[in-house]
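This is what each chain is made of:
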Amino acid sequence: MIEPYDDAYFMKRAMQEAEAAYEKGEIPIGAVIVVKNQIIARAHNLTETLNDVTAHAEMQAITAAANYLGGKYLKDCTLYVTIEPCQMCGGALYWSQISKIIYGARDEQRGCIAMDTKLHPKTVLKGGILADEASTLLKRFFIEKRNLN
């Protein structure tokens, strides 16, 4: 029997994705989707790379997970994302019927909580996992961006 991993384990995998985004000059947000203790999707922001405002980590992960599962619904799946999803991603997560969303740091201005975005009634939302690490990476990215301009 495989020992179950904890939330910090999977959030660390999402942080690896955020770091990959950072290295590409993308806003460093990463995500993984897990089902039955197995990562089925990994993604990070690709908005600059794809020149697409919808290419957020969560959107990329939803698509990858749906392709893996062969269906559009992500029931029994958990999304781990380094920053609280925005309103757009929250809407897509609503329609995916994902079971659980676990995020690192809050987005006090544009996050789905601040924007009062409705999630699917059966979706569980939990935050604060590796929040300091996620927040620090994001702040570092924007400080460096400001200093380059």
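Residues numbered from 1 in each chain as written. Predicted model: local features only at pLDDT ≥ 70, side-chain atom pairs only at ≥ 80, totals over all residues. Heavy atoms only, no water.

- An unreviewed UniProt entry lists the chain under the name tRNA-specific adenosine deaminase, with Patiriisocius marinistellae as the source organism.
- Heading Sequence similarities (unreviewed entry) of the UniProt record for the chain holds this comment: "Belongs to the cytidine and deoxycytidylate deaminase family. ADAT2 subfamily." (UniProt positions renumbered as here; feature names shortened; annotations may be inferred.)

## Side note on unusual backbone geometry
And step 1. Phi is positive for Lys-36, close to 50°, though the residue is something other than glycine.
And step 2. Structurally, Lys-36 can be placed in the loop between strand E1 (30-35) and strand E2 (38-44). (Helix = DSSP H or I, 4+ residues; strand = E, 2+ residues; numbered from the N terminus.)

## A look at the packing of helix H3 (residues 57-69) against helix H4 (residues 87-96)
And step 1. One way to put it is that H3 packs onto H4 with a least axis distance of 9 Å and a crossing angle of 20°. On the basis of the axis angle, H3 is roughly parallel to H4. The element H3 and its partner H4 pack so that their crossing is left-handed. Taken together, the residues of H4 that come into contact with H3 (itself represented by Glu-58, Met-59 and Ile-62) are Met-88, Cys-89, Ala-92 and Leu-93.
And step 2. When its residues are assigned to classes, the contact of H3 with H4 shows six nonpolar, no polar and one charged. (Axes fitted to C-alpha atoms, helices over the stretch in contact; angles between N-to-C directions. Parallel < 35°, antiparallel > 145°, perpendicular 65-115°, else oblique. Left-handed = near helix turned anticlockwise from the far one by under 90°. Contact = heavy atoms within 4.5 Å. Nonpolar A, V, L, I, M, F, W, Y, C, P; charged D, E, K, R; others polar.)

## Digging into the UniProt feature "active site" (unreviewed entry) in the chain
And step 1. Per the UniProt record, "active site" (unreviewed entry) is found at Glu-58.
And step 2. Considering the arrangement of structural elements, one finds Glu-58 in helix H3.
And step 3. Glu-58 gets classed as buried once you look at its relative accessible area, which sits at 4%.
And step 4. In this structure, Glu-58 is in contact with Ala-31, Leu-79, Val-81, Ile-83, Pro-85, Cys-86 and Cys-89, ignoring residues within four places of it in sequence. (Buried < 20%, exposed > 50% of the residue type's maximum accessible area, 1.4 Å probe, protein only.)

## Details of the sheet that holds strand E3 (residues 77-83)
And step 1. Read across the open sheet, the five strands follow the order E2-E1-E3-E4-E5; overall the sheet is mixed. Either end of the sheet is taken by a strand with one partner, and the two such strands are E2 and strand E5 (124-126). Neighbour-to-neighbour, the strand axes of this sheet turn through a mean angle of 15°, independent of strand direction. (Pairing = 2+ DSSP bridges.)

## Focus: the side chain of Glu-84
And step 1. If you trace the backbone, Glu-84 turns up in the loop between E3 and H4.
And step 2. At a separation of 2.7 Å, a polar atom in the side chain of Glu-84 contacts the side chain of Arg-106.
And step 3. Within polar-contact distance, the side chain of Glu-84 engages the backbone nitrogen of Ile-113 at 2.7 Å. (Polar contact = N/O pair within 3.5 Å; in protein donor to acceptor, adjacent residues only side chain to side chain.)

## As for the nonpolar core
And step 1. Counting residues in each nonpolar core, the largest one holds 40 residues, and the members touching the most others are Met-11, Ile-33, Leu-74, Cys-77, Leu-79, Tyr-80 and Ile-98.
And step 2. Mapped by element, the contributors of at least two residues to this core are helix H1 (7-23), E1, E2, H3, E3, strand E4 (100-105) and helix H5 (131-148).
And step 3. A total of six residues in this core trace back to one element, the largest contributor, which is H1.
And step 4. With residues near it in sequence (within four places) discarded, Tyr-80 still touches Asp-7, Phe-10, Met-11, Ala-14, Gly-30, Ala-31, Val-32, Val-34 and Ile-102. (Core = buried A, V, L, I, M, F, W, Y, C linked by side-chain atoms within 4.5 Å.)

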